[in-house]
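A closer look at the structure
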There are 2 protein chains.
Amino acid sequence: MTNSIFALLGDIIHTPKAGEVEIHYGSYLVCRAGRVAGIYPRLPEWFENEEVIDCTGKLIIPGMVDMHLHAAQYGARGFGMDLEQNEWLHNFAYPEEYCFEFPEYAEKMYTSFADELLHSTTTRACIYGSVHTDATVTLMKKLEQRGLRAYVGKVNMDRNAPEYYSETLDGSVEETLRWLELSNEFKKVKPILTPKCIFNVSDALMEQLGKIRDSHYLPVQSCLSETKGELEQRGELCPDCNTGAEAYSRFGMLGGAGGCVMAHCVHSDENELEALSRAGAYIAHCPASNLNLSAGIAPAARCLRDNMHIGLGTDLAAGESLNLCTAITAAVKVSKMHALTVDTETKPLSLVEALYMATKGGGEFFGQVGSFEPGYDFDALVIDDSPIAGNGRCTLLQRLERFIYLSDGKVEAKFIKGDKVL
Amino acid sequence: MTNSIFALLGDIIHTPKAGEVEIHYGSYLVCRAGRVAGIYPRLPEWFENEEVIDCTGKLIIPGMVDMHLHAAQYGARGFGMDLEQNEWLHNFAYPEEYCFEFPEYAEKMYTSFADELLHSTTTRACIYGSVHTDATVTLMKKLEQRGLRAYVGKVNMDRNAPEYYSETLDGSVEETLRWLELSNEFKKVKPILTPKCIFNVSDALMEQLGKIRDSHYLPVQSCLSETKGELEQRGELCPDCNTGAEAYSRFGMLGGAGGCVMAHCVHSDENELEALSRAGAYIAHCPASNLNLSAGIAPAARCLRDNMHIGLGTDLAAGESLNLCTAITAAVKVSKMHALTVDTETKPLSLVEALYMATKGGGEFFGQVGSFEPGYDFDALVIDDSPIAGNGRCTLLQRLERFIYLSDGKVEAKFIKGDKVL
């Protein structure tokens with residue numbers, strides 16, 4: 001974190017509240033010691049002779065937060081999208097992740113992944129690696145080198161996985177401890193406990209992970225109620241639990257001080273949503289992957305309006321892209337379908353609501369992140385949308401809408417906690 | 001059309017039948033007099049010393065066909081996507097189209113539009129202009145200059161439109177005749193009769209257009225059964241008709257020798273689908289816009305498998321983009337939702353089926369177009385997908401799938417009827 005003071009001058013948009021947008025034409029977004037000092041039409045007196053970065057005509061918006069993506073599936077993105085979840089995992093995801101056993105492969109793919117992430121709209125992310133300790137450390141290093149802030153997890157998985165890509169109970173625990181030890185070297189990238197999902201983690205391993213979580217004060221990420229098939233198998237795998245959330249809860253893996261992100265929650269019933277809400281867990285809504293894998297549509301609009309913690313995930317690579325703009329538009333689109341076919345009582349998500357989810361909604365998992373309110377981390381994107389023809393007659397919000405829908409235009413500069421990383 | 005013989009050497013993929021893909025590694029796609037002569041692993045003897053364009057390592061696929069888009073809405077793309085159809089038309093589409101009354105505006109916007117279309121995967125298209133004759137001629141000229149082949153329509157609309165953007169019955173007929181006269185100058189771009197939709201065209205105007213159609217042997221394009229609201233209004237506007245298709249049919253506007261494209265068909269019932277099928281009409285399936293405007297999901301997979309004529313439309317600008325790759329993936333995605341929520345009996349569209357729709361499915365409206373079978377028009381794209389990291393381990397079909405899903409990579413060269421246009 002830098003101690004310096006500086007300002008960006010440009011057209012500023014953010015969503016401090018879900019569904020509400022704040023627009024400041026030609027204003028100064030001032031950074032002090034890595035945090036937002038405020039948005040000013042004119043520079044405040046105390047600013048004095050500090051640097052002003054002139055971004056006149058550019059859009060300035062908060063950095064986006066990807067609450068769920070699989071870095072180790074980067075090489076499988078856009079493949080096998082005709083398949084449903086289980087087939088896709090066994091044909092594309094697992095064979096790809098397996099390759100991260102080889103250091104050269106991890107080095108190559110994670111370099112490409114981190115470079116693409118750096119140039120995207122994403123500033124923070126909750127990321128799955130693979131089961132491999134060393135590759136996961138490589139991933140953390142690549143992100144740290146680029147100044148990105150992220151929670152990264154070595155995946156734990158000791159059941160229902162192909163033999164070539166599974167762990168033993170003891171091996172998983174041992175490697176998790178070794179990984180946590182190695183993770184100490186990083187400042188901006190932090191470890192997050194990552195039991196793949198209840199079907200891939202035995203109760204015995206879950207119990208051990210719960211203990212590790214306690215002793216290390218770790219956050220946790222996992223997947224929950226993604227497919228109907230998952231619900232059907234739960235009775236067999238977790239016979240004592242009424243909901244998937246309960247299967248995490250009994251091992252101290254839901255909510256808690258370290259924080260908890262559950263991806264998907266497509267088929268969560270009232271009890272499960274209630275449990276998530278009570279635990280203060282974050283939902284990572286992944287509309288693109290839910291569509292691609294025919295999982296279904298999560299009730300995201302309702303969760304957001306019920307004041308649950310909910311952010312957006314690209315779920316690369318079941319989501320084809322790590323571009324969060326695509327996740328925003330996908331969230332709007334699937335919620336329209338949801339309103340037409342499943343829940344006609346709930347109005348679809350607006351673009352501004354989906355933008356909130358992609359910024360402050362997920363950002364709060366990282367602290368005061370995802371908004372330009374004073375005191376929030378200075379995570380900002382400068383967007384050059386001039387490549388999009390015909391912008392002359394647009395309002396600022398329309399320019400942003402077009403940038404998000406067309407995923408056109410360029411992230412010209414990116415700041416994270418006040419550091420210029422791009 | 002050129003009379004020359006030449007060949008492209010590269011990795012060739014096309015879908016001569018719906019759901020079937022043909023793959024030719026490192027082969028020659030030979031063009032003779034604007035048509036496909038064949039695909040050869042080695043050059044045929046008669047080829048002799050003709051030119052071979054070496055595209056080794058590149059993908060060669062048929063040019064794509066956009067069966068429905070509004071060029072005069074290019075300036076409104078990506079705007080107002082939170083609105084439903086009627087609101088969107090009145091707040092975004094009509095105000096934008098109105099501007100094409102001004103020649104400088106038409107010149108500027110249609111230049112940008114045609115340039116973007118040229119660099120896209122689209123080779124042929126059925127395009128709506130605005131109600132303005134001169135602007136529509138400008139559009140035709142811009143397309144012709146770039147070597148694109150298209151049917152372009154001056155829009156007819158004499159009811160239920162805002163006063164500032166409506167025609168009178170007589171004015172519409174007169175301008176249509178003037179436009180047809182002016183259209184004679186074009187070789188590659190042809191006029192298509194374009195009654196906006198039954199709600200915007202009075203019976204009296206429809207009758208006149210039917211006569212013009214007959215005397216000029218024109219194809220026709222319109223919109224059909226797009227929204228539920230449309231179905232509700234039909235009783236009032238076309239009291240004698242049981243289906244929207246009937247409202248066209250009675251004026252000789254459905255099917256016929258000139259050909260007919262009906263966009264959307266989201267809410268077409270069995271009778272209407274039957275009528276479309278009998279008339280040999282083409283359906284332009286527009287999944288992106290149907291999602292954006294909350295119109296619903298058309299039963300595209302069923303229509304395709306029932307051997308109806310069905311192609312894909314981007315429906316720019318209710319579809320946010322003129323990129324047909326986006327329409328392909330949107331078609332696959334919405335058909336998954338359709339299979340989950342509406343019609344659980346019908347399997348979702350596969351990528352290959354959607355690719356067929358985007359090539360030969362719509363292409364046949366233009367003749368022998370959209371496939372590399374011998375005798376088909378030589379409409380080909382050379383795609384450089386090297387910007388997409390990690391392509392080394394992919395099959396050819398996976399490379400194509402990734403190109404389509406990520407809309408990444410570049411159209412390096414484009415041929416239409418044997419002419420190199422890019």
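Residues numbered from 1 in each chain as written. Chains lettered and ligands numbered in written order. Predicted model: local features only at pLDDT ≥ 70, side-chain atom pairs only at ≥ 80, totals over all residues. Heavy atoms only, no water.

1. Focus: the domain arrangement of chain A
Residue and element names in this part refer to chain A. When its domains are assigned, chain A resolves into domain 1 (5-62 + 370-420) and domain 2 (64-366). Taking only C-alpha atoms, the centre of domain 1 and the centre of domain 2 are 29 Å apart. Each side of the interface is counted separately: domain 1 has 29 residues, and domain 2 has 30 residues. Taken together, both faces of the contact between domain 1 and domain 2 bury some 2200 Å²; the carbon and sulfur share is 65%. Where domain 1 touches domain 2, the interface holds 4 salt bridges. R124 is the partner of D377 in a salt bridge, and the nearest nitrogen-oxygen pair spans 2.9 Å. Summed over the shared surface of domain 1 and domain 2, the result is 12 residue pairs in polar contact (both at pLDDT 80 or more). Where the side of domain 1 that touches domain 2 is concerned, the elements lending two or more residues are β1 (5-17), β2 (20-32), β4 (51-62), α13 (396-406) and β16 (410-416). Looking at the side of domain 1 that touches domain 2, the element that brings in the most residues is α13, giving 6 residues. Taken together, the residues of the side of domain 1 that touches domain 2 sort by class into 15 nonpolar, 5 polar and 9 charged. (Domains from an automatic or database assignment. Contact = heavy atoms within 4.5 Å. Buried area = accessible area lost by both parts, 1.4 Å probe. Salt bridge = Lys/Arg side-chain N within 4 Å of Asp/Glu carboxyl O. Polar contact = N/O pair within 3.5 Å; in protein donor to acceptor, adjacent residues only side chain to side chain. Helix = DSSP H or I, 4+ residues; strand = E, 2+ residues; numbered from the N terminus. Nonpolar A, V, L, I, M, F, W, Y, C, P; charged D, E, K, R; others polar.)

2. Section: the interface of chain B and chain A
Interface size is often expressed as the accessible area that is lost when the parts come together. The interface of chain B with chain A comprises 41 residues on the first partner and 41 residues on the second. Both faces considered, chain B and chain A share a buried interface measuring about 3600 Å² in area, 55% of it formed by carbon and sulfur atoms. Between chain B and chain A we count 2 salt bridges in total. For B:K333, the salt bridge identified is with A:E320, shortest N-O distance 2.7 Å. At the junction of chain B and chain A, the tally comes to 16 residue pairs in polar contact (both at pLDDT 80 or more). Of all the secondary structure elements, the ones that give two or more residues to the side of chain B that touches chain A are α1 (85-98), α2 (103-119), α9 (287-292), α11 (324-341) and α13 (396-406) of chain B. It is α11(B) that contributes the most residues to the side of chain B that touches chain A, 6 residues altogether. Classifying every residue of the side of chain B that touches chain A by side-chain character gives 21 nonpolar, 11 polar and 9 charged.

3. Re the packing of α11(B) against α13(B)
All names here are of chain B. At a minimum axis distance of 7 Å, the contact between α11 and α13 shows a crossing angle of 90 degrees. Taken together, the axis directions place α11 and α13 in an arrangement best described as roughly perpendicular. Across from C325, I328, T329, V332, K333 and K336 in α11, the residues of α13 making contact are F403, I404 and Y405. When grouped by side-chain class, the residues that make up the contact of α11 with α13 number 6 nonpolar, 1 polar and 2 charged. (Axes fitted to C-alpha atoms, helices over the stretch in contact; angles between N-to-C directions. Parallel < 35°, antiparallel > 145°, perpendicular 65-115°, else oblique.)

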